[in-house]
Amino acid sequence: MNIYYHPLYTYGIDSNSSFPRERYELIRNSLEAESNNGLINFVEPIKADVRDIYRAHTKDYVDRFLNSKLSNKEIREIGLKPWSSAIVDRTMFLTGGSLKALEDINNGSPISSNLGGGTHHAYKDKGSGFCIFNDLAICALKAINHYNFKKVLIIDLDVHQGDGTASILSSIDEIFTFSMHCKKNFPFVKQKSDLDISLDEGLNDEHYIQILKKSISKLEAIDSDIIFFQAGVDTLKEDRYGKLNLSFDGLSFRNKLIYEFSKRRKNPVIIFMGGGYSKPINKTVKAFVELFTFFSDYSF
Ligand SMILES: [Zn+2]
């Protein structure tokens, strides 16, 4: 499995930002330290082609971001402050990583992944909640409009709703958006995905898995020829923004359910990283290392 990763994923965020930027590098180092039987291959992405970004965002917003012309209010809504001078390059590499993962699938890989992205809060004309461009929407639109995919299924299990993704893709019949998230959590105004499951605060493994299994049985009726998994681990009990109570075992079981569901329907999968903010960050790192390791032998 290819994992796209660039040092700017970490170093393109200012060291004074409250965002745990070190998580990317720590996950990479930890995955590299394990042998993984040669199943994991780190690849440096190239910057995204702006024409792919225009598929999901307004030209005005994209161009103002690229030319450092966003207002203070727009920057505040995104966060990651103070912005480093490398924020534009970082964003283009991060989005590029997801686009390269999509290209891998188009070239016949059953699995590919980005050690970043899953930036599901970005809307057509604005960023939000650490998200500048919505790589899920960008890749989904490219999959159906440029490549020959017929139906994209986006499974978003980050603890926060995929509001930007739902909003950008609401009128696109070829893309199905599923978000399972904590009700009383950011974003406080939710958008309408094709399937939304909102969870009570404090939910534990047993109830979470029960609800996920029921949701997957609904997804069985949806056609798809490619699956995007926004695999945020901020549902973990130790997460500082999460409000759910999943253990490592609960998360592993979640991953297994998505793996088996995708395999049953013989769909290729792209892993988009998503959120994870435990403090200290080591629990989040462990959860992501387990996720990438688990999916690294995926085939169908
Ligand atoms: Zn999140």
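Please refer to the structure higher up on the page.
Report follows, based on the coordinates. (Residues numbered from 1 in each chain as written. Predicted model: local features only at pLDDT ≥ 70, side-chain atom pairs only at ≥ 80, totals over all residues. Heavy atoms only, no water.)

1. Thoughts on unusual backbone geometry
Glycine aside, residues mostly have negative phi, and peptide bonds are mostly found in the trans state. The criterion, for reference: Put simply, DSSP marks the helices as runs of H or I at least four residues long and the strands as runs of E at least two long, and each gets a number from the N terminus on. In this scheme, a residue with accessible area under 20% of its type's maximum is buried, one over 50% is exposed, and one in between is partly exposed, where area comes from a 1.4 Å probe on protein chains only.
Here the bond from Phe186 into Pro187 is cis, since omega is -10 degrees, no more than 30 degrees from zero. Mapped onto the elements of the fold, Pro187 is located in the loop between strand E5 (175–182) and strand E6 (195–199). Cis peptide bonds are those with omega within 30 degrees of zero, and the linkage from Lys279 to Pro280 qualifies with -5 degrees. Its location among the elements puts Pro280 in the loop between strand E8 (269–272) and helix H11 (282–295). Despite not being glycine, Phe130 has its phi angle at roughly 70 degrees, a positive value. Here Phe130 is to be found in the loop between strand E3 (111–114) and helix H7 (135–145). By relative accessible area, which is 25% here, Phe130 ends up partly exposed.

2. Details of the pairing of strand E7 (residues 226–230)
Let me state the cut-off plainly: Strands pair, by our definition, only if DSSP identifies at least two bridges between them. Here the term right-handed applies to a crossover when the path leading from its first strand over the helix to its second strand runs clockwise, the strands being oriented away from the viewer.
Counting buried positions along E7 gives 5 out of 5 residues, so the element sits mostly inside the fold. Pairing geometry for strand E4 (residues 152–156) and E7, over 5 bridges, is parallel. Note that in E7 the partner of Val152 across the bridge is Ile226. Relative to E8, E7 runs parallel, the two sharing 4 bridges. Among the inter-strand pairings, Gln230 is bridged to a residue of E8, identified as Phe272. Regarding topology, helix H10 (residues 248–264) serves as the crossover connection from E7 to the parallel E8, and that connection is right-handed.

3. Brief notes about H10
Our working rule: Here the expected length of a helix is defined as 1.5 Å per residue gap, with one fewer gap than residues. Residue contacts are counted whenever heavy atoms from the two residues lie within 4.5 Å of one another.
For H10, built from 17 residues, the straight-helix expectation of 24 Å at 1.5 Å per residue is met to within 8% by its first-to-last C-alpha distance of 24 Å. On its buried face, H10 sits against E4, helix H9 (205–219), E7, E8 and H11. Residue Lys266 follows H10 closely and has a positive phi angle near 55 degrees.

4. Description of the packing of H9 against H10
The test is simple: For helices, the fitted axis covers only the stretch in contact; all axes are lines through C-alpha atoms, and the angles between them, taken along N-to-C directions, range from 0 to 180 degrees. Any angle between 65 and 115 degrees counts as roughly perpendicular, while under 35 counts as roughly parallel, over 145 as roughly antiparallel, and the rest as oblique. By definition, any crossing whose near helix is turned counterclockwise from its far helix by less than a right angle is left-handed, and any crossing with a clockwise turn is right-handed. Each residue receives one of three labels: charged for Asp, Glu, Lys and Arg, nonpolar for Ala, Val, Leu, Ile, Met, Phe, Trp, Tyr, Cys and Pro, and polar for the others, Gly being one of them.
Put simply, H9 and H10 touch, their axes get as near as 10 Å, and they point 15 degrees apart. Of the possible angle classes, the one that applies to H9 and H10 is roughly parallel. You can see that H9 and H10 cross each other, and the crossing is right-handed. Packed against H9, whose contacting residues are Asp205, Tyr208, Ile209, Leu212, Lys213, Ile216 and Leu219, the element H10 presents Gly250, Phe253, Arg254, Leu257, Ile258, Phe261 and Arg264 at the interface. Of the residues contributing to the contact of H9 with H10, the split by class is 9 nonpolar, 1 polar and 4 charged.

5. Examining H11
Look at H11: 20 Å from first C-alpha to last across 14 residues, which is about the 20 Å you get at 1.5 Å a residue. Among the residues of H11, those classed as buried are Thr284, Val285, Ala287, Phe288, Val289, Leu291, Phe292 and Phe295. Residues of H11 that are buried sit in contact with strand E1 (2–4), helix H2 (22–33), E3, E7, H10 and E8.

6. With respect to empty space enclosed by the protein
One water molecule sets the probe size; rolling that probe over the atoms shows where empty space is left. Just so we agree on the cut-off: Points on a 1 Å grid over protein atoms alone make up a cavity when a 1.4 Å probe fits among them but cannot get out, and a pocket when they form an open set with protein on both sides within 12 Å along at least five of seven lines; lining residues each have an atom within 4 Å of a point. Grid points are joined across faces, edges and corners, and a volume is the space filled by probe spheres set on the points.
On inspection of all chains with the given rule, the structure shows 2 cavities of 30 Å³ or more. Of the voids in this model, the largest cavity is the one considered here, and its volume is about 50 Å³. Residue lining of the largest cavity: Leu136, Ile154, Asp156, Gly162, Thr165, Ala166, Thr177, Phe178, Ser179 and Ser193, and that is the complete set. When contributions to the lining of the largest cavity are tallied by element, the ones reaching two or more residues are E4, helix H8 (163–169) and E5. Counting residues per element, the lining of the largest cavity draws most heavily on E5, at 3 residues. Of the residues assigned to the lining of the largest cavity, the class counts are 4 nonpolar, 5 polar and 1 charged. Quantified by volume, the second largest cavity comes out at close to 40 Å³. Residue lining of the second largest cavity: Val233, Phe248, Leu251, Ser252, Asn255, Ala287 and Glu290, and that is the complete set. Breaking the lining of the second largest cavity down by element, the ones donating at least two residues are H10 and H11. Sort the elements by how many residues they give to the lining of the second largest cavity and H10 lands first, with 4 residues. Of the residues assigned to the lining of the second largest cavity, the class counts are 4 nonpolar, 2 polar and 1 charged.

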